[in-house]
Amino acid sequence: MEWATLIGRVADGDREAFRRLFEHFAPRVKGLMLKTGASSDDAEEIAQETLLAVWRKAAQFDPVSAGAAAWIYTIARNLRIDQVRRAARTGAVDHDAELDYLVDPAEPADDVMARNDEAGRIATALSSLSEEQSMAIRLSFIEERPHPEIADFLGIPLGTVKSRIRLAMNRLRALLDETK
Amino acid sequence: MSVTHHPSPELLAGFAAGTLDAGEHLVVAVHASGCSACRRLLRAVEGIGGSTLEAVEPAAMKAGAFEAVMAKLDRSPPQPSVPADSLTDDELPEILRHYRIGRRRWVAPGVSMRPIELPGPSRSRAFLLSSNPGTHMLEHTHTGSELTCVLRGSFSHEGGRFGAGDFDFGDETLDHQPTVGDGEPCLCLVAMTGDLRINGFFGRLISPFVRL
């Protein structure tokens, strides 16, 4: 069964669906957090909190606009931002790092066609990106690897890592623009 | 209104990955909230985040993790999606309504600022800068970086004209002399890095701006 379908069931309070999501995604969120430098305790906490948020926000998940993994990734990322902010500022009030930039007031939220079209564009662009370019973006931004490691991984000189990343991002932007 | 100046792709990717500091994060968020092209790029990078999540080596959760989360579920039934905060301040973009904004201070004739309280430490400090129409700023450079999103009105410098929704980036390599457009006051959201000494902060804020 697709993850998106399971999230839909979680929105209806289905605990078995939630267990399956937990077993799949919690260890992966923890793995990604460890990779980006979180301590084991922090990674565990974010993984648990992420899945808790999946339960709470399941009704807000929009399978048309975002894939399940991308949605869960953004939840984990926001919780990580919050955690870092909290750690550095004791006694501060919680602040939701999940800025609502995803909602465009100019685009009616119930216009499924438009959202479908938008999601299709993004999917097309991502699939047109070369493996190497997608890897450059992943290593640099998502996994936050230092440039020497990226050079190593991609088998390119350290001096060209920066331009490779920029090239990859510019290509992604061009792909997104041209599929209009 | 059409947005013509955007954050660099690297800045957008850093935003999507959650690695920008709180001030920079806010300015990019406000720009993206009004720019569908940038939102699309953010979505795409988040898509790469999703595929990274699927591909990453799973790390075993602690014993009892699932039960611990289940215990919390009982205290928090699934919630239907709720409409955004309905505080109304028509002057400011939605995102800024979630921030505490300090009192207005005049920094020069015709130029005032309101500090924005950021959630957690940030290399950059964020503020709203309001300038009267036609204000000229003295030629200045930056000791750090400066991210700006125009909320209302416009300004111009060598890099072009910046109107509502436009994003501008300046750093120490830039030496510029912005002029505020005629007609209406220019309101900008700014995140600026530099040294954090409070005296220097206000001193430097005051010094570059003069109304001619």
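Look above for the structure.
### Side note on the packing of aromatic side chains
Step number 1: Scanning the entire structure with this criterion turns up seven aromatic pairs over all chains.
Step number 2: Between the aromatic rings of A:Phe18 and A:Trp55, the centroid separation amounts to 5.3 Å while the plane-to-plane angle is 75°, which identifies the pairing as edge-to-face. Here A:Phe18, found in helix 2 (residues 15-35), pairs with A:Trp55, found in helix 3 (residues 40-57); they are 37 residues apart in sequence, far enough to count as distant.
Step number 3: Ring centres of A:Phe61 and A:Trp71 lie 5.0 Å apart, and the angle between their planes is 50°; this geometry places the pair in the tilted category. Of this pair, A:Phe61 sits in the loop between helix 3 and helix 4 (68-87) while A:Trp71 sits in helix 4, and the two are ten residues apart along the sequence. Exposure class is identical for A:Phe61 and A:Trp71. Each is buried.
Step number 4: Among the aromatic residues, ring-to-ring pairing joins A:Phe18, A:Phe22, A:Trp55 and B:Phe66 into one connected group.

### Section: the environment of B:Arg103
Residues and elements named next belong to chain B.
Step number 1: By the element assignment, Arg 103 lies in the loop between strand 1 (100-101) and strand 2 (105-108).
Step number 2: Distance in space between the C-alpha atoms of Arg 103 and Arg 114 is 5.6 Å, their sequence separation being eleven residues.
Step number 3: Among all residues touching Arg 103, those that are not within four sequence positions of it are Met 113, Arg 114 and Pro 115.

### Re the pattern of salt bridges
Residues and elements named next belong to chain B.
Step number 1: Applying the stated criterion to the full structure yields 16 salt bridges over all chains.
Step number 2: We note a salt bridge from Arg 123 to Glu 24, for which the minimum N-O separation is 3.4 Å. Here Arg 123 is found in the loop between strand 3 (111-117) and strand 4 (125-131), whereas its partner Glu 24 is found in helix 2 (residues 22-33), with 99 residues between them in sequence.
Step number 3: Judged by relative accessible area, which is 53%, Arg 123 ranks as exposed.
Step number 4: Two residues, Glu 94 and Arg 97, come together in a salt bridge whose shortest N-O distance is 3.2 Å.

### Side note on the environment of B:Thr52
Step number 1: Checked against the element boundaries, B:Thr52 lands in helix 3 (residues 36-55).
Step number 2: Of the residues examined, B:Thr52 reaches a relative accessible area of 1% and is grouped as buried.
Step number 3: Not counting the four nearest positions on each side in its chain, B:Thr52 is found in contact with A:Leu32, A:Arg138, A:Ile142 and A:Glu143.
Step number 4: There is a polar contact of 2.7 Å between the side chain of B:Thr52 and the backbone oxygen of B:Ile48.

### As for the environment of A:Ala119
Residue and element names in this part refer to chain A.
Step number 1: Along the chain, the position of Ala 119 falls in helix 5 (residues 112-128).
Step number 2: Separated by 53 residues in sequence, Ala 119 and Ala 66 place their C-alpha atoms 7.0 Å apart.
Step number 3: Residues within four places of Ala 119 in sequence aside, it is in contact with Val 64 and Ser 65.

### What about the packing of helix 6 (residues 131-142) of chain A against helix 7 (residues 147-154) of chain A?
Residue and element names in this part refer to chain A.
Step number 1: Following both chains from N to C, one finds helix 6 and helix 7 inclined at 155°, their axes separated by 10 Å at the closest point. Comparing the axis directions of helix 6 and helix 7 gives the class roughly antiparallel. Our pair here, helix 6 against helix 7, has a crossing hand that is right-handed. Packed against helix 6, whose contacting residues are Glu 132, Met 135, Ala 136, Leu 139 and Ser 140, the element helix 7 presents Ile 150, Phe 153 and Leu 154 at the interface.

### Overview of the nonpolar core
A general trend in soluble globular proteins is that nonpolar side chains are found buried together.
Step number 1: If you look at the biggest cluster of nonpolar residues, it comprises 95 residues, and the most contacted ones within it are A:Phe18, A:Phe22, A:Leu172, B:Leu26, B:Leu96, B:Ile116 and B:Leu189.
Step number 2: For this core, the element with the most residues is helix 2 of chain A, which contributes nine residues.
Step number 3: The residues touching B:Leu96, leaving out its near neighbours within four places in the chain, are B:Leu26, B:Val30, B:Ile101, B:Ile116, B:Leu128, B:Leu151 and B:Leu189.
Step number 4: Listed in part, the 14 residues of the second largest apolar core include B:Val111, B:Phe162, B:Val190 and B:Met192.

Scoring rules and cut-offs
- Residues numbered from 1 in each chain as written.
- Chains lettered and ligands numbered in written order.
- Predicted model: local features only at pLDDT ≥ 70, side-chain atom pairs only at ≥ 80, totals over all residues.
- Heavy atoms only, no water.
- Phe/Tyr/Trp six-rings, centres within 6.5 Å; stacked < 30°, edge-to-face > 60°.
- Helix = DSSP H or I, 4+ residues; strand = E, 2+ residues; numbered from the N terminus.
- Buried < 20%, exposed > 50% of the residue type's maximum accessible area, 1.4 Å probe, protein only.
- Contact = heavy atoms within 4.5 Å.
- Salt bridge = Lys/Arg side-chain N within 4 Å of Asp/Glu carboxyl O.
- Polar contact = N/O pair within 3.5 Å; in protein donor to acceptor, adjacent residues only side chain to side chain.
- Axes fitted to C-alpha atoms, helices over the stretch in contact; angles between N-to-C directions.
- Parallel < 35°, antiparallel > 145°, perpendicular 65-115°, else oblique.
- Left-handed = near helix turned anticlockwise from the far one by under 90°.
- Core = buried A, V, L, I, M, F, W, Y, C linked by side-chain atoms within 4.5 Å.

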